[in-house]
Amino acid sequence: MAERTVLVTGGTGGLGGAVTAAFLEAGWRVVVPERKGAGTAPAAAGPVRVAADLLDPAGVARAVAAATDEPSAPLRAVVNLVGGYASGGLVHETPIEEFDRMLRLNLRPTYLVTQAALPHLVAAGGGAVVCVSARAAVAPFPGAAGYATAKAAVQAFANAVAVEYRPRGVRCNTVLPSVIDTPANRAAQPDADHRRWVPPAEIAAVIRFLASDDSAPTSGASIPVYGRA
């Protein structure tokens, strides 16, 4: 029986599948919110799936409730993977609606889920939050001002959580991927040198480490996971 629970948002995506597998392999109870979940019972040795819209506070509350309803496996980690990318024009060519959409998609779920989970992590005696930013947050490129701004905001938010909750035993760190080697990214960039991209399993190993007791001294860190890109 698992002795601790991790809540993994975006657990069905290209990176999320690898993260979920990494935690299951390490013996965690894994809760994965989905827009169309399959209930709250795990299939075989797989994750617990729960229907929840993480842009909606009520959906977030439902996801956190599923992650905290097993007394023998208290919630000890949250992994915020939900986000998205959209390219566009230069700043003067980008409608405010597109800029807002990047902020809403990348920042709002991270904020809402972390906010709802923090009291439970504190009550459990401490734990870890891992957020996913992007290399674009520290090295922007043309045509993605909204995305870069949103990912920089995720990084700043994670740093704020690290400062506020360090005395309460909760750590918060951020990983910054470059291009992740997923089927969707390969389809979008078929002519790129995919060997330079970072495999999801390698990022998942870093995330699992940051959620584990092995990284107990580390909080407020921004970890580059660039591969060879």
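Everything below is about the structure shown above.
To start, this report covers the structure provided alongside it. (Residues numbered from 1 in each chain as written. Predicted model: local features only at pLDDT ≥ 70, side-chain atom pairs only at ≥ 80, totals over all residues. Heavy atoms only, no water.)

**Comments concerning the sheet that holds strand β3 (residues 48-51)**
Here we have seven strands laid out as an open sheet, ordered β3-β2-β1-β4-β5-β6-β7, and parallel in their pairing. This sheet does not close on itself; its edge strands, each paired only once, are β3 and β7 (222-225). This sheet shows a mean twist of 20° between the axes of neighbouring strands, independent of strand direction. Examined bridge by bridge, strand β5 (residues 127-132) and strand β6 (residues 170-177) share six bridges and lie parallel to one another. Looking at the pairing, V132 lines up with V175 of β6. Taken strand by strand, helix α3 (residues 96-123) contacts β1 (5-9), β4 (75-80), β5 and β6, and its axis lies near 170° from that of β4. Sheet strands touched by helix α4 (residues 145-165): β5, β6 and β7. Its angle to β6, the strand with the most contacts, is close to 160°. (Pairing = 2+ DSSP bridges. Helix = DSSP H or I, 4+ residues; strand = E, 2+ residues; numbered from the N terminus. Axes fitted to C-alpha atoms, helices over the stretch in contact; angles between N-to-C directions. Contact = heavy atoms within 4.5 Å.)

**Concerning the side chain of T182**
Along the chain, T182 turns up in the loop between β6 and α5 (183-188). Residue T182 is classed as buried on the basis of its relative accessible area, which comes to 9%. Excluding residues within four positions of it along the chain, T182 makes contact with G14, L15 and P200. (Buried < 20%, exposed > 50% of the residue type's maximum accessible area, 1.4 Å probe, protein only.)

**Examining the pattern of salt bridges**
Scanning the model with the defined rule gives six salt bridges in all. Its salt-bridge partner being R49, residue E34 comes within 2.7 Å of it at the nearest N-O pair. Taken together, the residues span a long stretch of sequence, with E34 in strand β2 (residues 29-34) and R49 in strand β3 at a distance of 15 residues. Under the relative-accessibility criterion, R49 is labelled partly exposed at 29%. Across the pair D181 and R186 runs a salt bridge, and its minimum N-O distance is 2.6 Å. Judged by relative accessible area, which is 18%, D181 ranks as buried. Residue classification places R186 among the partly exposed residues on the basis of a relative accessible area of 38%. (Salt bridge = Lys/Arg side-chain N within 4 Å of Asp/Glu carboxyl O.)

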